[in-house]
Amino acid sequence: MLIAFWLNLSFALLEAVFGFIFRSSAVMADAVHDLGDALAIGLSAYLEKVSQKKGDKKYSLGYKRFSLLGAILTGSILILGSFWIFLENVPRLWAPEEVNYQGMLILGLVAIAVNLLASRLVHHGHSHNESMLSLHFLEDILGWLAVILVSIVLHFTDWYFLDPLLSLCIAGYILSQALPTFWKNMKIFLEHVPEDVDLPAFETDILALDNVQAITQLNVWTTDGREKFAMLHICPRDMAQSLTSKEDLRRLAKSHGITHLTIEFDQSLQEHEAHQTEV
């Protein structure tokens, strides 16, 4: 990720220089966008490293949510960058500018090579953070393919409106991919029940156990989208069988994809109802 950061930052500076030389507002706009990408990647690389730390006195549950925070910040930059492309290119549909299409072609080929290299560097990552970064590289590769296509067409025609038109199509596609991913990460950040955990079915299976009389509390969440946690309070029929019940509950939780389960045995159902009435 750090190498990808330096690649993006260096190429953003080159884009700014050649965008000025080629008089291409599209290349200049992409330079600004790539600079935002580089900042996002640098931030993500730092937060990804922090997320590997184990729990301590400051963060007793560990630092894994820092990776999720990086994915949210990166997604925000990606979405804002796409909206910025819309704002910049819609007016250009009616007032396209002439560009140096030969220079754009050469720069486009170099840009694709750089982004393919950066994409390969994080290809084996599995975190939400690294998945979000792959969208950055997808956006850049598609964007430069459009630039190459436009430069080839402009070699034979003067259809300069194709440049902003293709940019708008790509920005729309990226938004269609980034917005759902961003919302998915936000739900994890807000401790939404994991999408792959069927909470009603889990409750039904718990109540089907012989020694479970009632469930007084059940919370299921995930800190990073991979590890799933649950906190369970039940009223047992026989407190003497609590050890066996805990083993059954942990096996049941594992079958539902829950890796960490905290179990608390409350008083009998009658005592619990009486306590709730007093409260």
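Structure: see above.
Criteria and cut-off values
Residues numbered from 1 in each chain as written. Predicted model: local features only at pLDDT ≥ 70, side-chain atom pairs only at ≥ 80, totals over all residues. Heavy atoms only, no water. Helix = DSSP H or I, 4+ residues; strand = E, 2+ residues; numbered from the N terminus. Contact = heavy atoms within 4.5 Å. Areas by Shrake-Rupley, 256 points an atom, 1.4 Å probe, with all protein chains shown as cover. Pairing = 2+ DSSP bridges. Axes fitted to C-alpha atoms, helices over the stretch in contact; angles between N-to-C directions. Patch = residues over 30% accessible without salt bridge, like charges linked within 9 Å, V, L, I, M, F, W, Y side chains within 5 Å. Salt bridge = Lys/Arg side-chain N within 4 Å of Asp/Glu carboxyl O. Buried < 20%, exposed > 50% of the residue type's maximum accessible area, 1.4 Å probe, protein only. Parallel < 35°, antiparallel > 145°, perpendicular 65-115°, else oblique. Left-handed = near helix turned anticlockwise from the far one by under 90°. Nonpolar A, V, L, I, M, F, W, Y, C, P; charged D, E, K, R; others polar.

Counting its secondary structure elements, the protein chain contains nine helices and three strands. Helices and strands in the protein chain line up, N terminus first, as α-α-α-α-α-α-α-β-β-α-β-α. For the protein chain, the proportion of contacts with a sequence separation of at least 24, taken over those separated by at least 6, is 73%. Surface exposure of the protein chain reaches about 15400 Å², of which carbon and sulfur atoms provide 64%.

This part is about the sheet that holds strand β3 (residues 260-265). Read from one edge of the open sheet, three strands run β1-β2-β3, paired in mixed fashion. With partners counted over all chains shown, the strands left at the sheet margins are β1 (212-222) and β3, one partner each. Within this sheet the neighbouring strands show an average axis-to-axis angle of 15°, counted without direction. Its contacts with the sheet place helix α8 (residues 242-255) against β2 (228-236) and β3, and it is angled at close to 150° to β3.

Judged by side-chain polarity, Leu14, Val17, Phe18, Phe20, Ile21 and Met28 come together as a nonpolar surface patch covering roughly 570 Å² of accessible area. Among the elements that line the nonpolar patch, the one with the most residues is helix α1 (residues 2-22), at five residues. By the secondary structure assignment, Met28 is in helix α2 (residues 25-51). Since its relative accessible area comes to 34%, Met28 is described here as partly exposed.

Attention now moves to the packing of helix α7 (residues 199-207) against α8. Viewed as axis vectors pointing N to C, α7 and α8 meet at an angle of 155°, and their least axial separation amounts to 11 Å. Comparing their axes, α8 and α7 come out roughly antiparallel. Considering how the two elements wind past one another, α7 and α8 form a crossing that is right-handed. Listed contacts from α8 to Phe202, Asp205 and Ile206 of α7 are Leu249, Leu252 and Ala253. Within the contact of α7 with α8, the residues separate by chemical class into five nonpolar, no polar and one charged.

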